[in-house]
Amino acid sequence: MFIMIAMLLLVRRLLVLVFLAVAIESAAQGELRMANDLHGLGRESGLRKIPVVLFFSSVHCEYCDMVRDEFLNHLSTDPAFMNKLLLREVRMDSIRPLLDFSRQSISHAAFTEQRAIELVPTIQFTDGVGDILVEDIIGVTALGFYGAYLEQAIEQSLNILRLRN
């Protein structure tokens, strides 16, 4: 009897741990991922004919937080966008390592400088080798239209990639 109760408690604890792990993973999937391998994303972009979308931000940027929370976090889980883009965040004030499109190791800050990003938030739409497809979305000027500007840039990027051989 004692063994049976111990087994039931062990199974219950195991189920709780599994549930917590699934809940944590689900929550993480709804958040924007940090860039770490743009070369790999570029290969995937080329195969799938979808743009690499880079969100340039900084740690203490309230507008960046707003754009991330209101517009970008859901894109990776929204079925309407899951097959339309590869979205990653690049922190302009971070020494976090990054493999760039040409397979060079660089920091987020150095990559941001290399791309001539001076103001955040900036969203950049590129092909698989890092060439810019459409005009960047810089700052937050018209919050009510921001989602429409974002969707329009995604569609334009997709169209450009689909028209290429």
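Up top is the structure.
Overview of the structure. (Residues numbered from 1 in each chain as written. Predicted model: local features only at pLDDT ≥ 70, side-chain atom pairs only at ≥ 80, totals over all residues. Heavy atoms only, no water.)

## Re the state of the cysteines
One pass over the structure, following the stated rule, counts 1 disulfide. Across a sulfur-sulfur distance of 2.4 Å, Cys61 and Cys64 are joined as a disulfide pair. Between Cys61 and Cys64, the S-S torsion sits near 80°, and that sign places the bridge as right-handed. (Disulfide = S-S within 2.5 Å.)

## A short note on helix 5 (residues 143–163)
The end-to-end C-alpha separation of helix 5 is 31 Å, in line with the 30 Å expected for 21 residues at 1.5 Å each. Every buried residue of helix 5 is accounted for by Tyr146, Gly147, Leu150, Ala153, Ile154, Ser157, Leu158 and Leu161. Mapping the buried residues of helix 5 onto a view down its axis gives an arc of 130°, with all of them on the same face. Among the exposed residues of helix 5, those pointing more than 90 degrees away from its buried face are Gly144, Phe145 and Leu163. (Helix = DSSP H or I, 4+ residues; strand = E, 2+ residues; numbered from the N terminus. Expected span 1.5 Å × (residues − 1). Buried < 20%, exposed > 50% of the residue type's maximum accessible area, 1.4 Å probe, protein only. Arc of directions from axis to C-beta.)

## Here's the deal with the environment of Gly42
With respect to the helices and strands, Gly42 occurs in helix 2 (residues 38–48). Judged by its relative accessible area of 5%, Gly42 falls in the buried class. Taking C-alpha positions, Gly42 is 9.4 Å from Ser102, a pair spaced 60 residues apart along the chain. Leaving out residues up to four positions away in the same chain, Gly42 has contacts with Val52 and Gly128. (Contact = heavy atoms within 4.5 Å.)

## A closer look at the pattern of salt bridges
Counted by the stated rule, this structure contains 6 salt bridges. Salt-bridge contacts for Asp65 lead to Arg68; the nearest nitrogen and oxygen are separated by 2.8 Å. Of the two residues, Asp65 and Arg68 both sit in helix 3 (residues 62–72), 3 residues apart, roughly one turn of that helix. Given a relative accessible area of 30%, Asp65 falls into the partly exposed group. Taking the relative accessible area as the measure of exposure, Arg68 reaches 10% and is therefore buried. A salt bridge links Arg164 to Asp127; the nearest nitrogen and oxygen atoms lie 2.8 Å apart. Taken together, the residues span a long stretch of sequence, with Arg164 in the segment after helix 5 and Asp127 in the loop between strand 5 (122–126) and strand 6 (137–138) at a distance of 37 residues. Classification of Asp127 by relative accessible area gives buried; the value is 5%. Shared partners join several salt bridges into a network, and the residues in it are Asp65, Arg68, Glu89 and Arg91. (Salt bridge = Lys/Arg side-chain N within 4 Å of Asp/Glu carboxyl O.)

## With respect to the packing of aromatic side chains
Using the criterion set out here, one finds 4 aromatic pairs in the structure. On the basis of an interplanar angle of 45° and a centroid distance of 5.0 Å, the ring pair of Phe71 and Tyr146 is categorised as tilted. Placement of Phe71 in helix 3 and of Tyr146 in helix 5 is noted, with a sequence separation of 75 residues between them. The two residues Phe71 and Tyr146 agree in class, both being buried. Each member of the aromatic cluster is reached from another via a ring pair, and the members are Phe56, Phe101 and Phe111. Cation over ring: Lys84 sits above Phe81, and NZ or CZ is 5.7 Å from the ring centre. (Phe/Tyr/Trp six-rings, centres within 6.5 Å; stacked < 30°, edge-to-face > 60°. Lys NZ or Arg CZ within 6 Å of the ring centre and 35° of its normal.)

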